[in-house]
Amino acid sequence: MAKHSSYRSTERTRKGAVTKFGSRTDVGSVREQNEDSLVVRPPLFVVADGMGGHAAGEVASEIAVSTIEELAPDFADAEALGHAVEEANRDIINAALSGEGREGMGTTVTAAVLERNHLVIAQVGDSRAYLLHNGELTQLTRDHSLMANMIEAGQITPEEARFHPSRSVITRALGNDPDTVPDLYEINVEDGDRLLLCSDGLYSMLEDDEIAAVMRRVSDPQKCATTLVNGAIAAGGHDNVTVIVADAEGTAHQKRKRMAIRTKITIGFVLLLLAGIIAAAIWGGSTYLHNTAYLAETESGMVAVYRGVPGDVLGFTYSELVEETDIPVKKLSPSAAERISENMRVSSVDEALELVDSYRAELEAQQAKEKAEADAKAARSAAAAEEDEAYEEDEEPAE
Ligand code: MG
């Protein structure tokens, strides 16, 4: 039988939906004991405000929340929740009869199951449930109290009720009558709606407008619950004050989250694909630049082989000298010389080197031919000279 006075934030419900919530309970500035109890176990939320004095109220409220926590449905079934509250009533009566707590001890209880967009409430006494919808705060439950009766009868205003000497008199509670039944509520809520459960220690200290302002302003449910309790204490803290704030996040929210996840996956896939294309382009470009080659004329007029491409690409130079040959460009055929002087592109360094070999062979053949022609010419010149000499001898007169 745990007294829940902890701070909680987010928890996954048994149905899979995620509900954000916060809670806070405080003894206040006047009372010596905190007789309020609460349960925060999504989708179940319960506030109970015990009464009876000498710690008996605390016993009653703890029995109430413990029994309801044990018996409450995991889904939004108002009747089943009501049965849990009725069972809690019998447990309190039986506890008092068996000497636990005190006879006559009792408690209020406001129990809610918030399952996605469905909210059910079982309520006895003057602890309240409110709903903030589109910025408007509405009291969902009707107090079982003298003040509520007098307000409905037009005898006093809600403002007058807050300061009325009989403001704490309640007309229905758990622990008195074994046949007590709770009021049941079934409400459809929307994503973004905010549920507030509280004991009278909150709304007796703060007006509904003040509560609504905090509910609108403080988006985090836990901070909202803390701010509300601190506000009640700052306003006097005459009573124990307990607050639970839970945000409705139903099927539409789940769909939006799934859509968001799908969108993220799609964006991630496209980014991955782009990264792959860019990597492939870089790899392909790098491979191409590494393999491609060209022949060009050096400043001294020789044929040279380069790896890469002439000039620059996007401001970068991808060119590396592989070999400067001893082949003068001007010795090559006019067409080859012209192409080399304009940086002749070839598909690979090997192809460039093969071309160089062919140029060299061609040049050697040319040189051999020129030498042969020169030799032949020299031979012809020598022969002609010999003939001329023989002719001169034949022409010489006898003495
Ligand atoms: Mg109270």
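(A) Here's a closer look at the side chain of Asp-193. Assignment of secondary structure puts Asp-193 in the loop between β10 (183-188) and β11 (194-198). Buried within the structure, Asp-193 lacks any salt-bridge partner; Arg-194 is the closest side chain of opposite charge, at an N-O distance of 9.6 Å. Here His-133 takes part through its side chain, which lies 2.7 Å from a polar atom of the side chain of Asp-193. In terms of polar contacts, Asp-193 uses its side chain to reach the backbone amide nitrogen of Glu-190, at 2.8 Å. Not counting the four nearest positions on each side in its chain, Asp-193 is found in contact with Leu-131, Leu-132, His-133, Asn-134, Ala-246, Asp-247 and Ala-248.

(B) Looking closely at the sheet that holds strand β14 (residues 302-313). Pairing is antiparallel across the open sheet formed by 4 strands, whose spatial order is β15-β14-β13-β16. Every other strand in the sheet has two partners, leaving β15 (316-328) and β16 (344-346) as the edge strands with one partner each. Direction aside, neighbouring strands of the sheet carry axes that sit 30° apart on average. With 5 bridges connecting them, strand β13 (residues 293-297) and β14 associate as antiparallel partners. Within β14, the position partnered with Tyr-294 by the bridge is Tyr-306. Sheet contacts for helix α9 (residues 334-341): β13, β14 and β16; angle to β13, the most-contacted strand, approximately 105°.

(C) Region of the structure containing the packing of helix α6 (residues 208-217) against helix α7 (residues 221-234). At a minimum axis separation of 9 Å, α6 and α7 run at an interaxial angle of 155°. Classified by the angle between their axes, α6 and α7 sit roughly antiparallel to one another. The two elements α6 and α7 cross, and the hand of that crossing is right-handed. Note on element contacts: α7 touches α6 through Cys-224, Thr-227 and Leu-228, opposite Ile-211, Val-214, Met-215 and Arg-217. Of the residues contributing to the contact of α6 with α7, the split by class is 5 nonpolar, 1 polar and 1 charged.

(D) Here's a closer look at a nonpolar patch on the surface. A contiguous nonpolar surface patch, about 440 Å² in accessible area, is contributed by Val-313, Leu-314, Phe-316 and Tyr-318. Locating Val-313 in the fold gives a position in strand β14.

(E) Here's a closer look at the pairing of strand β4 (residues 44-51). The element β4 is extensively covered by neighbouring structure, given that 7 of its 8 residues are classed as buried. Sheet analysis places strand β3 (residues 36-41) next to β4, joined by 6 bridges and oriented antiparallel. Bridge pairing in β4 links Val-40 to Phe-45. Across 4 bridges, the pairing between β4 and strand β6 (residues 109-115) is antiparallel.

(F) Broad picture of the environment of Thr-157. With respect to the helices and strands, the residue Thr-157 is situated in the loop between α3 (146-152) and α4 (158-162). Note on Thr-157: relative accessible area 36%, which makes it partly exposed. A sequence separation of 10 residues divides Thr-157 from Met-147, and the C-alpha atoms of the two residues are 9.1 Å apart.

(G) Here's a closer look at the pattern of salt bridges. Within the structure shown, the criterion is met by 14 salt bridges. We note a salt bridge from Arg-31 to Asp-239, for which the minimum N-O separation is 3.2 Å. One end of the pair, Arg-31, is in the loop between β2 (18-26) and β3; the other, Asp-239, is in the loop between α7 and β12 (241-247), with 208 residues separating them in the sequence. Its relative accessible area of 39% is what places Arg-31 among the partly exposed residues. Of the charged contacts, one joins Arg-41 and Asp-74 as a salt bridge, the two residues approaching to 3.5 Å between their closest N and O atoms. With Arg-41 in strand β3 and Asp-74 in the loop between α1 (56-71) and α2 (78-97), this pair connects stretches of sequence that are 33 residues apart. Judged by its relative accessible area of 24%, Asp-74 is partly exposed. What emerges from the salt-bridge pattern is a single network uniting Glu-159, Arg-162 and Glu-207.

(H) Local environment of the nonpolar core. Counting 27 residues, the largest nonpolar core has Ile-68, Leu-81 and Met-105 as the members making the most contacts within it. Elements represented by at least two residues in this core include exactly β4, α1, α2, β6 and β7 (118-124). Not counting residues within four places of it along the chain, the set of residues in contact with Ile-68 comprises Leu-44, Val-46, Leu-81, Ala-84, Val-85, Ala-88, Val-109 and Ala-111. Within the second largest apolar cluster, 22 residues are counted, among which are Cys-198, Met-205, Ile-211 and Val-243.

(I) Spotlight on the confidence of the model for the protein chain. Chain-level statistics for the protein chain give a pLDDT mean of 86 and a share of 86% at 70 or above. For the stretch residues 1-16, pLDDT sits under 50, and the model shows 50 contacts to residues farther than four places along the chain or on other chains.

(J) α6, seen in detail. Along α6, the positions that sit buried rather than exposed are Ile-211, Ala-212, Val-214 and Met-215. In a view along the axis of α6, the buried residues occupy a sector of 165°, so they form one face of it. Residues of α6 that are exposed and angled more than 90 degrees away from the buried face: Asp-209 and Arg-217. Each element contacted by the buried residues of α6 is listed here: β8 (128-133), β9 (136-139), β11, α5 (200-203), α7 and β12.

Conventions and cut-offs
Each residue is numbered by its place in its chain's sequence as written, counting from 1. Totals for whole chains, interfaces and linings use every residue, but because this is a predicted model, local features are given only for residues with pLDDT of at least 70 and side-chain atom pairs only at 80 or more, for both listing and counting. Values shown for side chains rest on all heavy atoms present in the structure; no hydrogens or waters enter the calculation. Starting at the N terminus, helices and strands are each numbered in turn, a helix being any DSSP run of H or I of at least four residues and a strand any DSSP run of E of at least two. Only protein chains enter the accessibility calculation, which uses a 1.4 Å probe; a residue is then buried when its area is under 20% of its type maximum, exposed when over 50%, and partly exposed in between. Just so you know, the count uses Lys and Arg for positive and Asp and Glu for negative, and it drops His and the chain ends. Salt bridge, as applied in this entry: a Lys or Arg side-chain nitrogen positioned within 4 Å of an Asp or Glu carboxyl oxygen. Pairs of N or O atoms within 3.5 Å make up the polar contacts considered here, provided that, within protein, one atom can donate a hydrogen while the other can accept it, and that residues adjacent in sequence are counted only when both atoms are side-chain atoms. Contact definition: two residues touch when any of their heavy atoms are within 4.5 Å. Pairing between two strands is assigned when DSSP locates at least 2 bridges connecting them. Only the stretch in contact is used when fitting a helix axis, every axis being a line fitted to C-alpha atoms; angles between N-to-C directions are given from 0 to 180 degrees. Any angle that falls under 35 degrees is termed roughly parallel, while one over 145 is termed roughly antiparallel, one within 65 to 115 roughly perpendicular, and all others oblique. Helix crossings get a hand from a simple test, with the near helix turned counterclockwise from the far one by less than a right angle marking a left-handed crossing and a clockwise turn marking a right-handed one. Under the grouping applied here, Gly and all other residues not named as nonpolar or charged are polar, the nonpolar ones being Ala, Val, Leu, Ile, Met, Phe, Trp, Tyr, Cys and Pro and the charged ones Asp, Glu, Lys and Arg. Excluding any residue in a salt bridge, patches collect residues exceeding 30% relative accessible area, merging like charges within 9 Å and nonpolar Val, Leu, Ile, Met, Phe, Trp and Tyr side chains within 5 Å. All accessibility values rest on the Shrake-Rupley procedure with a 1.4 Å probe; residue burial counts only the protein chains present in the view. Take the buried Ala, Val, Leu, Ile, Met, Phe, Trp, Tyr and Cys residues and link them wherever side-chain atoms come within 4.5 Å; each set so joined is a nonpolar core. What pLDDT conveys is the predictor's confidence in a given residue, as a value from 0 to 100. Here the arc refers to the set of directions running from the helix axis out to each C-beta atom.

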